[in-house]
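Listed below, chain by chain, are the residues.
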Amino acid sequence: MAETTLTETTVAEVTAELAELEDPKIRAANERHGDDHGVNLGKLRALAKRLKTQQELARRLWETDDTAARLLAILICRPKAFERDELDVMVREARAPKVHDWLVNYVVKKNPHSEELRLAWSADPDPVVASAGWALTIERVAKRPEGLDLAGLLDVIEAEMKGAPDRLQWAMNHCLAQIGIERAEHCARALDIGERLEVLKDYPTSPGCTSPFAPIWITEMVRRQHDS
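Report on the accompanying structure. Note that this is a predicted model, so its numbers are computed, not measured.

1. Remarks on the overall build of the protein chain
Then step 1. Counting its regular elements, the protein chain contains 13 helices and zero strands.
Then step 2. When the elements of the protein chain are put in sequence order from the N terminus, they spell out α-α-α-α-α-α-α-α-α-α-α-α-α.
Then step 3. Taking the principal axes of the C-alpha coordinates as reference, the protein chain spans close to 60 × 40 × 35 Å.
Then step 4. A total of 228 residues make up the protein chain; the buried ones form 45% of that total.
Then step 5. A separation of at least 24 residues holds for 63% of the contacts in the protein chain among residues at least 6 apart in sequence.
Then step 6. Split by element, the accessible area of the protein chain, about 12,100 Å² in all, is 52% carbon and sulfur.

Have a look at this one:
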C-alpha cells in the first residue's frame with residue numbers, strides 16, 4: 001500500500017513538474033504537427049535522466065493520457081518489460097505522432113515481441129497502427145533482411161502507397177527507399193515505383209537535407225555508400 005501511495009505522489013509531482021516546463025510557443029509549434037504538448041524535449045530528457053528507469057512510474061504516467069507524460073514514460077520505462085498485448089493497446093492509444101514514433105522506436109523495437117507485432121500491425125485496418133508495422137519492417141530491411149519477402153513488400157507498396165493516409169504513406173515510402181538503398185538487386189524496381197507513383201515528389205525540403213521523394217533519397221544514399 002505504501003508503495004502505491006508513493007507512486008501516486010510521484011506521478012503528481014512529475015506531472016506538476018511537466019506543467020511548470022510548459023511553454024506556449026513550443027506548444028504552438030508542436031500543434032502544427034499534431035503533437036499537443038509544450039515541453040522542450042531537451043528538458044524532458046533531462047527530467048528522464050534524473051528519474052532514471054522506473055517501470056511502474058512509467059506505466060502510471062502513460063495512464064494519464066497526457067502527451068508530455070507519455071513521452072516521459074517512454075524514456076523511463078524498461079522496453080523489454082512490456083507484454084505483447086500491452087504494447088498493442090499502447091500503440092492504439094498513441095495518437096500524437098511524437099508519442100507513436102517514440103513508442104515504436106524506443107520501446108517496441110527493443111521488445112522481444114517486436115516481430116510478432118510487426119506482422120500483426122502491418123495487416124491492421126487502422127492506418128496509424130499499420131504504419132507502426134511498416135516502421136518495424138524498415139528496421140528489419142536495414143538490419144535483419146533475412147527471411148523478408150522484399151519483392152512482396154514492393155508489390156504492396158506499388159499497389160497501396162499512392163492512396164494511403166499520410167502516416168501510413170510516409171512509412172511505406174520510407175520502406176521503399178530503404179529497400180532501394182540496402183538491396184542492390186531491388187534498387188531499379190524501387191526507383192521505378194517511386195518515379196511512377198510520385199509520392200512526396202513536391203515535399204518541401206530544407207537546404208542541406210535529402211528529399212523524402214524515394215528516387216532522390218535512394219540515389220543520394222547509394223552515392224554516399226559508394227563514396228565512403
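And the narrative resumes.
2. Some remarks on the packing of helix H12 (residues 184-197) against helix H13 (residues 214-227)
Then step 1. The N-to-C vectors of H12 and H13 enclose an angle of 150°; their axes lie 8 Å apart at closest approach. If you check the angle between H12 and H13, you find them roughly antiparallel. Where H12 approaches H13, its residues Cys187, Ala190, Leu191, Gly194 and Glu195 are matched on the opposing element by Ala214, Pro215, Ile218 and Thr219.
Then step 2. Taken together, the residues of the contact of H12 with H13 break down into six nonpolar, two polar and one charged.

3. Here's the deal with H12
Then step 1. For H12, built from 14 residues, the straight-helix expectation of 20 Å at 1.5 Å per residue is met to within 8% by its first-to-last C-alpha distance of 20 Å.
Then step 2. Listed as buried for H12 are His186, Cys187, Ala190, Ile193, Gly194 and Leu197. One side of H12 holds all its buried residues, which, seen down the axis, span an arc of 140°.
Then step 3. As for H12, its buried residues are in contact with helix H10 (150-160), helix H11 (166-182) and H13.
Then step 4. The positive-phi residue at the C-terminal boundary of H12 is glutamate 198, with phi of around 55°.

4. Here we look at the environment of aspartate 36
Then step 1. In this structure, aspartate 36 sits in the loop between helix H2 (24-31) and helix H3 (41-51).
Then step 2. Aspartate 36 gets classed as partly exposed once you look at its relative accessible area, which sits at 40%.
Then step 3. Sequence separation between aspartate 36 and alanine 135 is 99 residues, and the spatial gap between their C-alpha atoms is 22 Å.
Then step 4. Contacts of aspartate 36, omitting those with residues within four sequence positions, involve Arg27, Glu31, Thr67 and Ala96.
Then step 5. Polar side-chain contacts of aspartate 36 include one of 2.4 Å to the side chain of threonine 67.

5. Concerning the nonpolar core
Then step 1. Grouped together as the largest cluster of nonpolar side chains are 38 residues, with contacts concentrated most on Leu18, Leu61, Trp62, Leu72, Ile76, Leu103 and Trp121.
Then step 2. Looking at this core, the elements with two or more residues in it are helix H1 (2-21), H3, helix H4 (55-63), helix H5 (67-76), helix H6 (84-93), helix H7 (97-107), helix H8 (114-122) and helix H9 (127-143).
Then step 3. Top element by residues in this core is H5. It accounts for seven residues.
Then step 4. Apart from the residues lying within four places of it in its own chain, the contact partners of leucine 61 are Val11, Val14, Thr15, Ala69, Arg70, Leu72, Ala73 and Ile76.

6. Focus: the packing of aromatic side chains
For any pair of aromatic rings, the description consists of the separation of the ring centres together with the inter-plane angle of the planes.
Then step 1. Enumeration according to the criterion identifies two aromatic pairs in this entry.
Then step 2. A cation over an aromatic ring shows up here: arginine 70 above the ring of tryptophan 62, its NZ or CZ 4.3 Å from the ring centre.

7. Things to note about the side chain of glutamine 178
Then step 1. By the element assignment, glutamine 178 lies in helix H11.
Then step 2. Look at glutamine 178 and you get buried, because its relative accessible area is 12%.
Then step 3. With residues up to four places along the chain from it excluded, the contact list for glutamine 178 reads Ile138, Val141 and Ala142.

8. Description of the pattern of salt bridges
Then step 1. Following the criterion strictly, the structure yields 25 salt bridges and no others.
Then step 2. A salt bridge links glutamate 63 to arginine 60; its shortest N-O distance comes to 3.8 Å. Taken as a pair, glutamate 63 and arginine 60 lie in helix H4 at a separation of three residues, close to a single helical turn.
Then step 3. Put simply, aspartate 65 and arginine 70 hold a salt bridge, and the shortest N to O gap is 3.3 Å.

Parameters and conventions
- Residues numbered from 1 in each chain as written.
- Predicted model: local features only at pLDDT ≥ 70, side-chain atom pairs only at ≥ 80, totals over all residues.
- Heavy atoms only, no water.
- Helix = DSSP H or I, 4+ residues; strand = E, 2+ residues; numbered from the N terminus.
- Buried < 20%, exposed > 50% of the residue type's maximum accessible area, 1.4 Å probe, protein only.
- Contact = heavy atoms within 4.5 Å.
- Areas by Shrake-Rupley, 256 points an atom, 1.4 Å probe, with all protein chains shown as cover.
- Axes fitted to C-alpha atoms, helices over the stretch in contact; angles between N-to-C directions.
- Parallel < 35°, antiparallel > 145°, perpendicular 65-115°, else oblique.
- Nonpolar A, V, L, I, M, F, W, Y, C, P; charged D, E, K, R; others polar.
- Expected span 1.5 Å × (residues − 1).
- Arc of directions from axis to C-beta.
- Polar contact = N/O pair within 3.5 Å; in protein donor to acceptor, adjacent residues only side chain to side chain.
- Core = buried A, V, L, I, M, F, W, Y, C linked by side-chain atoms within 4.5 Å.
- Phe/Tyr/Trp six-rings, centres within 6.5 Å; stacked < 30°, edge-to-face > 60°.
- Lys NZ or Arg CZ within 6 Å of the ring centre and 35° of its normal.
- Salt bridge = Lys/Arg side-chain N within 4 Å of Asp/Glu carboxyl O.

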